[in-house]
Amino acid sequence: MYGLKQDWEAEEEARCLVLEDFESLTPRWCPGCGDHAVLGSLQRLARDLQLPPEKVVIVSGIGCSSRFPHYMKTYGFHGLHGRPLPIASGVLSRRPDLHVFVVTGDGDCCAIGTAHWIHAIRHNMNLTVLLFDNNIYGLTMMQSSPTTPLGNVSNTHPGGVPIGPINPLEVTLGIGNASFVAQTLDWNPLHLYATIKSAHEHQGLAFVRILQRCPHFMRDRWNDLQQDTAGVAVLEHADGIPVDDAVRRLFPNIRQHDPADLGGGRHLATGEEGIPMGLLYRNPESPRYNEITARGLGKTVADKLAGLEAELDRFAL
Amino acid sequence: MYGLKQDWEAEEEARCLVLEDFESLTPRWCPGCGDHAVLGSLQRLARDLQLPPEKVVIVSGIGCSSRFPHYMKTYGFHGLHGRPLPIASGVLSRRPDLHVFVVTGDGDCCAIGTAHWIHAIRHNMNLTVLLFDNNIYGLTMMQSSPTTPLGNVSNTHPGGVPIGPINPLEVTLGIGNASFVAQTLDWNPLHLYATIKSAHEHQGLAFVRILQRCPHFMRDRWNDLQQDTAGVAVLEHADGIPVDDAVRRLFPNIRQHDPADLGGGRHLATGEEGIPMGLLYRNPESPRYNEITARGLGKTVADKLAGLEAELDRFAL
Amino acid sequence: MGEASQSTAAKPAQPDVQDVAEHIVEIISDSGEGAQTAGQLFGTVSARMGNGVWTVEIIPAEIEPPYRSRAGASGNRIRIATDAVSNMGEAADVVVAFNEQVPYSRIDVGGLRPGTILFLESMWAQSPDELIRKAYAEALADFRHRGYEVVEVPMNDECLKVVEDPKRGKNIWILGLLCALYERDAAIVQMLIERKLGRKGKAIVESNMALFNAGYKWAEQNAPWRFRVAVKPSDVDRVVMNGNEALALGIMAAGIEVCSMYPITPATSVSHYLAARFAKVGGIVHQAEDEIAAIGFAIGASYAGKTAVTVTSGPGLALKSEFIGFATMAEIPLVIIDVQRGGPSTGLPTRVEQGDLLAALFGQPGDTPNIVMAPTTIEECFHFVITARKLAETFRMPVILLSDASLATAQQPFPRPSAREEWLAPPVDTSPWQQDVAPYAWDPETGLSQRPIPGQRGGEYVVTGLAHDEESHVAYESKVNQQGLKMRRRKLATLARSLKPPTVYGDTEGEILVVGWGSTRGAIEEAVDRVRGHGHKVSSLTLHFLSPLEPGLKEIFRHFNKVMTIEICYSDPPEAGEGRTYAQLAFLLRAQTLVDVDCWSCVPGVPLPPRVIEAAIRERLPDHEQIPEVDLENVPCTV
Amino acid sequence: MGEASQSTAAKPAQPDVQDVAEHIVEIISDSGEGAQTAGQLFGTVSARMGNGVWTVEIIPAEIEPPYRSRAGASGNRIRIATDAVSNMGEAADVVVAFNEQVPYSRIDVGGLRPGTILFLESMWAQSPDELIRKAYAEALADFRHRGYEVVEVPMNDECLKVVEDPKRGKNIWILGLLCALYERDAAIVQMLIERKLGRKGKAIVESNMALFNAGYKWAEQNAPWRFRVAVKPSDVDRVVMNGNEALALGIMAAGIEVCSMYPITPATSVSHYLAARFAKVGGIVHQAEDEIAAIGFAIGASYAGKTAVTVTSGPGLALKSEFIGFATMAEIPLVIIDVQRGGPSTGLPTRVEQGDLLAALFGQPGDTPNIVMAPTTIEECFHFVITARKLAETFRMPVILLSDASLATAQQPFPRPSAREEWLAPPVDTSPWQQDVAPYAWDPETGLSQRPIPGQRGGEYVVTGLAHDEESHVAYESKVNQQGLKMRRRKLATLARSLKPPTVYGDTEGEILVVGWGSTRGAIEEAVDRVRGHGHKVSSLTLHFLSPLEPGLKEIFRHFNKVMTIEICYSDPPEAGEGRTYAQLAFLLRAQTLVDVDCWSCVPGVPLPPRVIEAAIRERLPDHEQIPEVDLENVPCTV
Ligand SMILES: Cc1ncc(C[n+]2csc(CCOP(=O)(O)OP(=O)(O)O)c2C)c(N)n1
Ligand SMILES: Cc1ncc(C[n+]2csc(CCOP(=O)(O)OP(=O)(O)O)c2C)c(N)n1
Ligand code: SF4
Ligand code: SF4
Ligand SMILES: [Mg+2]
Ligand SMILES: [Mg+2]
């Protein structure tokens, strides 16, 4: 048949991918850094789902966490500080065959990247967005981030941060068209894995805030949550993120929450009922911009040439 | 006494300012543009409060609405597209004696200025922020803005905007530290005036979204609200924006809403109970960053020299 | 009312028929009265008949300016000639004005001259508003005093004879008037009107043709002149469009599928056009939340194998500079179109300037070799996008195309291109990647390398803006950093080697060589022709590549006593001495060639008329000829 | 364990005492072991005694690098000399290493030479981990093979004799060792330790002094050398600090009250310092949400009468460029500090480059005259901020200060400044504005004008980035636009007229003049001295103003056969011919002076050692002398 060869093709051949197929350079994060756990989870997920490495793109900004793509043996895009979301949107725009993950930090996403964050949520493209929230700027050595707690001492606020943090969950839930908003902890591998899996399965933008340990600069940050697990409110629902029995045993405060309930999700996001862990909100009906951007992908050379000819005719003398 | 003369002084002399004292160049907006009404309101407010024109600074970005400062005979700062909030924050930072107003459009604030909007709300400096929301890019000739309704035809979306708008009220109410969030309409001068007045009186950042008519590019946008005034939910409360009897007569749908109730405000913001008009939320307790930035203003020359000497000593050999 | 109208032009027995090589016509009205449409149609019919044509828009500074105000003038200038036309020329020969105030906006910028024929709507003389009547009378007297040939025309009354609401038809009536004056082919007009309005129904077409015919007839009976601009019918198919439309079509023709942008004047109309038509060839326009997101999205698409374009103007270029540097560093192909406007900062959003040249070359911190090209005609706007995409992909780097506000809205006919398969981007390659080939396996001589595209099995790698080795691994070693910088520069040297030296316009030796780039080309060449007409050995040279510079410049310059640039950007006069600020191209050429390149430039916000350029050149001739009516310190700016 | 330790240096009867004009010492450890502190103290005591000192930090690329890895080396290099020292020099004379792996990071970059004395922690020889023992033995053999004088030192064991946890004291013990070796004054050390640790309590001070004394004693008994670097006690008070600290103190001294920033390496530490200390003089640090907001906030404060500073590095400069152009256009004073790092893009965040010069000058679209200055010493980092604020206010424009990663962390003593009232910004003027004076009442000769500050009654005006007239009213007329551009440029010409021609280092005529700017100055001058030492007529010139350029350059250049720049940025070799990419300063000088300025530059990410510069200069001498051990194509990068 005359025309362009299709831009991509279905993977034919049978492959059996093992963990090593997703492992690249040795991670250079500090010992005990929560980033290691997330990396492990994603590698396992990719293996379990047998995602072809050449079809996976990890897009990140700049920060400790944003080194992530270098440690995955897939395609990766270690971008500019604050800009992974526009890049990832562009990657996906004409390549619906790719699995695009976004790795971003609390500075990357909630400070310099704020505008892109808000508008990516609105556009609701089919991306899995992992916010590594360690409440601090790691890579540049301990400056406050927008999520650093009030009074926390940092290099830019040696007298303590004077203004309370923004809550990425509450902000995200304020954006029309949000379609999947979840939270998990880097130190519970089961829930972490289950959350990333649900996020990846979701059609639309899945926003996952990961409370992340930074032993180097925020040593005691999550101590209370780790010691008193009742401070965590595990959200459970048939449409939510599956709660493993091991998780249930560890966290006594389990709450039923229907992710279709936006008001309830917003309330839980405040943390008044405990730090939420699980799916706060899901709306599978939110329009997905990637369905708009993929339009016209099937055009053949003949179509294109004919289209252009018709355009030129409009200007003909 | 030795030392710097204080950076500013109280106005001594008695003045009686009239409307003309606040009027500058003839506005160049289209006939029927909602911006005229807001200009008139602010000029009247300044006159009624006898704000010294030299103590008033109007900061704007770029857009039709952002021409605003040129029409006020006060100090003004017609800045860059999307950036009025950082500029205004800087203006106020060391000049607590100034009355700083911010004029911004839905493109200016909610597209290119998104990050500054979110963080200005968080910082909660003592600014009166007027968002002129005409749901369109006016100055650049009818491109979609983030608040353009789904399906609305524009020059960048001739087939209709494919993704639903963000709701500036809901987004703002998702930001920790928000302290004053209100909405009004340019075509109700009484409520408009009362809202700007309350906003100006508020200590902290007062965010006012003004539904603004753009007859040139969005002729029918608010027709239904203008025809069926029951579509507007007027919010009333002792701590809210005063509702004039004339307003009450015009709008049948009056609702009691305590601005301290964040959850209620968030619900009203969705518009499910009608397009809200009034004060959705107020929290006078939110920390104000301008109180941090004004620290150290009293230092005399002697203080400063002594401070520097002590610093140098720390490096002495 | 018809009877009450008074035409001051008595019906002539025999009109005065003049053969002219060219004429400049302006149609100006309040905005919304359709002068733009009439002007465009007049240009199109002239082009179709075989005239050279250059059309420029006259745009009011405000969105809805007050009626009957000089600030509100909206319309078109159409320069037609027997030969090709490359610029908007100087003062108008014929002006049609819908009220007596709008001509003042044109007078302010020197758009009229004594002798200009002014067809003036006369209805205002009968206005019920005394102030208007007075204003009209005053203006009329003033126009005559200024030496214009004023013809009062009862446009409104005449239109009323044909339609009920003359507001919505006056422009077509005027078109008829002009077509009579210039003996244009009414059949062509009919065809154009059908093309334009056909889908609105037959009745509309008919009423428009009725207006056209009425205007035509009125002029035949009342206008004392006929102007014959001989036509040379073209033997090839031609199209006519403005520069932004040509860029948009070029994007389509290049097989680019993604245009990612944020609105900014005067670039936005490229994306308006695409938003309406891009789907025909399967493309999409993405309006991002800001310029940074726009280029980020484009880079993402490019990385994934779909080389994208982002369209902007100066302030947007500034915001994109961090990302441009990233694309250079990570070697991601990308096309960036900067439709330049007046600067610095927000500057003159609707006006022309060539002030972004150095920012395009040096705007990114660090060493950032990129390709910078500039079209000089509407036709090149189309073709250069196609070239840009190819270069971007071959050299794996951003290509910046510098257009400007003048090219953006000017219309010019050119041979109709035919869509070609080889212009289109190839499909995304998803075949397995060659084993053991690094993602930056730089050829040490050319710096070129092949890049893996997501989907290519075995090609998995991670792009980064950090210093990196051939594997794209982050590397801080001195050698690696130096190698990366060298390889990226080498690509530009490789491209330079493949370029031909530019061709001199005129003799290849002489007194003065005038060098220019971009939209000024047409006016420069016309000015050079005129100066040569005065017997001086003057030539000109147009650069299309600014980075890398086209080769052989030093050799070309050697054959002229003096080399100077003409540019629309700021420069100090020569008296400024050692610290003189040179115009931007002059600066570049001086550094690169060490030739003492002089410059004359100014920043009027409007295209430079040939006359001004002529004056600037002649002033620099050994005998310092002056053109008395041109004050080069305060350029009279015709449009 | 003490007994088990084996020192390979037998106790010498009489140490070998050497008088040396200078020495380079390095202390390197895993990060967190305190080598940095020891190094700084060693530098400070030397400076205090009267040596010239230059200290540079050795920083690992990661935050918590693996222990005992070459990537993890952290520490200090201290160059001390009888005379002033202006750069970090070449290979080290003495290295103290806390394990046998960290020296490799130094060896990789040519930091050691045959003969370097290496004091090596010997505890690893007894490690319970066989792999470690093996690695130690191998390295030891390798070091000896490479010709280093290795001294195994039982640091851990010796410290254990004094304290319980040697991890937290080894550095001070080492300081003792070095102080014995260089006969440093222990009383000064005691004073410094008291100053540093005094507030932690007496016990801490005492245990540290015990460690110090133990190390001192050990060296007296075991080290077979003493190095005497004669001191010249200073008769003026002096301070020692690094460049970023000097910038921070300069900000305080200038009376600037607002530092608005977004974190970025290597600039952030300026704001860390200020965040901790600025309140002492009433200043505030604002950490914004991004670089654009940071400069916007600074511009707002400046507009309101409080000239602010924003501190950044390359990627941030790119993001700020739109706002810089705004400040230029609206004539708002502003100080922008760019602590340059390796580029382009994210590049080499912690490494030095001088690659932002052209972006600082031309990074903003349109014509954007700004002042660009560059300190060349730590002392100038302090003083230039004071000058910058004054210039910004006088000329009502942004001033960009270009520092770099080398100046940022290098320490050097200089005469202690005394706080002066005239350095401070004046208070905000709130007196009524003079009637009828426009907000841009440009003096036509100088372009200067006074600006009203909010609070000044009668001065109400609206700043805008659009083209505007003297009243700051938006104006699109050609004349107005041209006037604005001219007035803004004229300010720079006015400043240029007030500058003195720069002073040549060395003879004012000769074979080669080497021109440089910024942090390379010290190494260039040292290299020039060496080349002169070989009998060649070579001089150098340092530029402090890059925009406007200092006057008289052409005249200075005229007296040399060849002018070349030495820079840390990319350039092609001369063979590249007509299309050659010049180093950035060379490019600028060529365009402005038309002198055939040559250049030698490279981008190793580290400061250029004098030896390399010497080689580059000598290669360009008429007889093309080569320094065999320096490969200029692949610069050996000492730190
Ligand atoms: C434009 C720009 N500004 C600033 C920086 C410096 N920078 C790099 S990472 C970072 C913040 C990192 O914090 P976060 O995003 O929370 O990531 P983390 O390191 O904590 O994982 C900053 C400010 C940069 N690289 N580019
Ligand atoms: C950096 C930059 N990008 C784009 C523009 C062009 N621009 C000017 S105003 C505007 C949008 C105006 O819309 P809005 O903010 O809603 O204001 P309105 O005109 O509707 O009042 C745009 C895109 C610009 N001036 N600067
Ligand atoms: S600094 Fe913190 S976030 Fe960064 S690698 Fe170390 S522990 Fe992880
Ligand atoms: S275009 Fe719309 S917003 Fe702009 S002035 Fe006209 S009516 Fe107002
Ligand atoms: Mg973080
Ligand atoms: Mg708008």
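This is a predicted model, so every value here is computed, not measured. (Residues numbered from 1 in each chain as written. Chains lettered and ligands numbered in written order. Predicted model: local features only at pLDDT ≥ 70, side-chain atom pairs only at ≥ 80, totals over all residues. Heavy atoms only, no water.)

A. Examining the pairing of strand 22 (residues 560-567) of chain C more closely. All names here are of chain C. Counting buried positions along strand 22 yields six of eight residues, so the element is predominantly enclosed. Taken together, the five bridges between strand 19 (residues 510-517) and strand 22 define a ladder with parallel strand orientation. Pairing of G510 across the sheet is with F560, part of strand 22. By the bridge criterion, four bridges tie strand 22 to strand 23 (residues 598-601) in an arrangement that is parallel. By the bridge assignment, M564 is partnered in strand 23 with D598. (Buried < 20%, exposed > 50% of the residue type's maximum accessible area, 1.4 Å probe, protein only. Helix = DSSP H or I, 4+ residues; strand = E, 2+ residues; numbered from the N terminus. Pairing = 2+ DSSP bridges.)

B. Representation of the interface of chain D and chain C. Taken together, the 73 residues of chain D in the interface contact 73 residues of chain C. In this assembly, chain D packs against chain C so that about 6100 Å² is buried in total across both faces, 59% of it on carbon and sulfur atoms. On the chain D side of the interface with chain C, the three residues burying the most area are D:P344, D:Y476 and D:E578, jointly 12% of the side's total. At the junction of chain D with chain C, the criterion picks out zero salt bridges. On the surface where chain D and chain C come into contact, there are 30 residue pairs in polar contact (both at pLDDT 80 or more). Mapped onto the side of chain D that touches chain C, the elements with two or more residues apiece are helix 11 (314-330), helix 12 (357-362), helix 15 (478-498), helix 17 (553-557) and helix 18 (584-593) of chain D. Looking at which element gives the most residues to the side of chain D that touches chain C, the answer is helix 11 of chain D, with ten residues. Its residues assigned to classes, the side of chain D that touches chain C comprises 34 nonpolar, 23 polar and 16 charged. (Contact = heavy atoms within 4.5 Å. Buried area = accessible area lost by both parts, 1.4 Å probe. Salt bridge = Lys/Arg side-chain N within 4 Å of Asp/Glu carboxyl O. Polar contact = N/O pair within 3.5 Å; in protein donor to acceptor, adjacent residues only side chain to side chain. Nonpolar A, V, L, I, M, F, W, Y, C, P; charged D, E, K, R; others polar.)

C. The site of ligand 4, seen in detail. With respect to spatial proximity, the complete set of residues near ligand 4 consists of B:W29, B:C30, B:C33, B:C64, B:N134, B:Q212, B:C214, B:P215, B:H216, B:F217 and C:I63. Nearby residues around ligand 4 are contributed by chains B and C. By residue class, the composition of the shell around ligand 4 is eight nonpolar, three polar and no charged. (Near = heavy atom within 4 Å.)

D. Summary view of the state of the cysteines. Residue and element names in this part refer to chain C. Considering all chains together, one arrives at zero disulfides over all chains under this definition. There is no disulfide at C159, and the cysteine sulfur nearest it, in C179, is 14 Å away. Of the cysteine sulfurs around C381, a residue in no disulfide, the closest is that of C259, at 15 Å. Looking at C381, the relative accessible area reads 0%, which means it is buried. (Disulfide = S-S within 2.5 Å.)

E. Broad picture of the interface of chain A and chain D. Taken together, the contacts link 25 residues of chain A with 19 residues of chain D. Summed over both partners, the interface of chain A with chain D comes to about 1800 Å²; 60% of that surface belongs to carbon and sulfur atoms. When the buried area of chain A at its contact with chain D is split by residue, A:R28, A:I112 and A:T156 rank highest and sum to 28% of it. On the surface where chain A and chain D come into contact, there are zero salt bridges. Along the contact surface separating chain A from chain D lie seven residue pairs in polar contact (both at pLDDT 80 or more). In the side of chain A that touches chain D, the residues fall into twelve nonpolar, eleven polar and two charged.

F. Spotlight on the domain arrangement of chain C. Residues and elements named next belong to chain C. You can read the domains of chain C as domain 1 (3-228), domain 2 (240-423), domain 3 (429-498) and domain 4 (504-619). One C-alpha centre belongs to domain 1, the other to domain 2, and the line joining them spans 35 Å. Each side of the interface is counted separately: domain 1 has ten residues, and domain 2 has eight residues. Buried surface at the junction of domain 1 and domain 2, summed over both partners, amounts to about 840 Å²; 58% is from carbon and sulfur atoms. Looking at the side of domain 1 facing domain 2, the largest losses of area belong to W54, T55 and E57, adding up to 48% of the total buried there. At the junction of domain 1 and domain 2, the tally comes to zero salt bridges. Summed over the shared surface of domain 1 and domain 2, the number is two residue pairs in polar contact (both at pLDDT 80 or more). The set of elements that each furnish at least two residues to the side of domain 1 that touches domain 2 consists of helix 1 (35-49) and strand 3 (52-58). (Domains from an automatic or database assignment.)

G. Region of the structure containing the site of ligand 2. Around ligand 2, a shell composed of 22 residues is seen, among which B:C64, B:S65, B:D106, B:D108 and C:E291 lie nearest. The environment around ligand 2 is built from residues contributed by chains B, C and D. Residue B:D108 places a main-chain N or O atom 2.7 Å away from an oxygen atom belonging to ligand 2. At 2.9 Å from an oxygen atom of ligand 2 is found a side-chain nitrogen or oxygen belonging to B:N134. Computed on the free molecule, ligand 2 has an accessible area of 580 Å², of which 98% lies beneath the protein chains in the complex. The set of elements that each furnish at least two residues to the shell around ligand 2 consists of helix 3 (106-110) and strand 5 (136-137) of chain B together with helix 11 (314-330) of chain C. Residue composition of the shell around ligand 2, grouped by class: ten nonpolar, eight polar and four charged. (Areas by Shrake-Rupley, 256 points an atom, 1.4 Å probe, with all protein chains shown as cover.)

H. Spotlight on a positive patch on the surface. On the surface, a cluster of positive charge is contributed by C:R168, C:K196, C:R199 and C:K200. As for its position among the elements, C:K200 is in the loop between helix 6 (186-197) and helix 7 (202-222). (Patch = residues over 30% accessible without salt bridge, like charges linked within 9 Å, V, L, I, M, F, W, Y side chains within 5 Å. Lys, Arg positive; Asp, Glu negative; His and termini not counted. Charge placed at Lys NZ, Arg CZ, Asp CG, Glu CD.)

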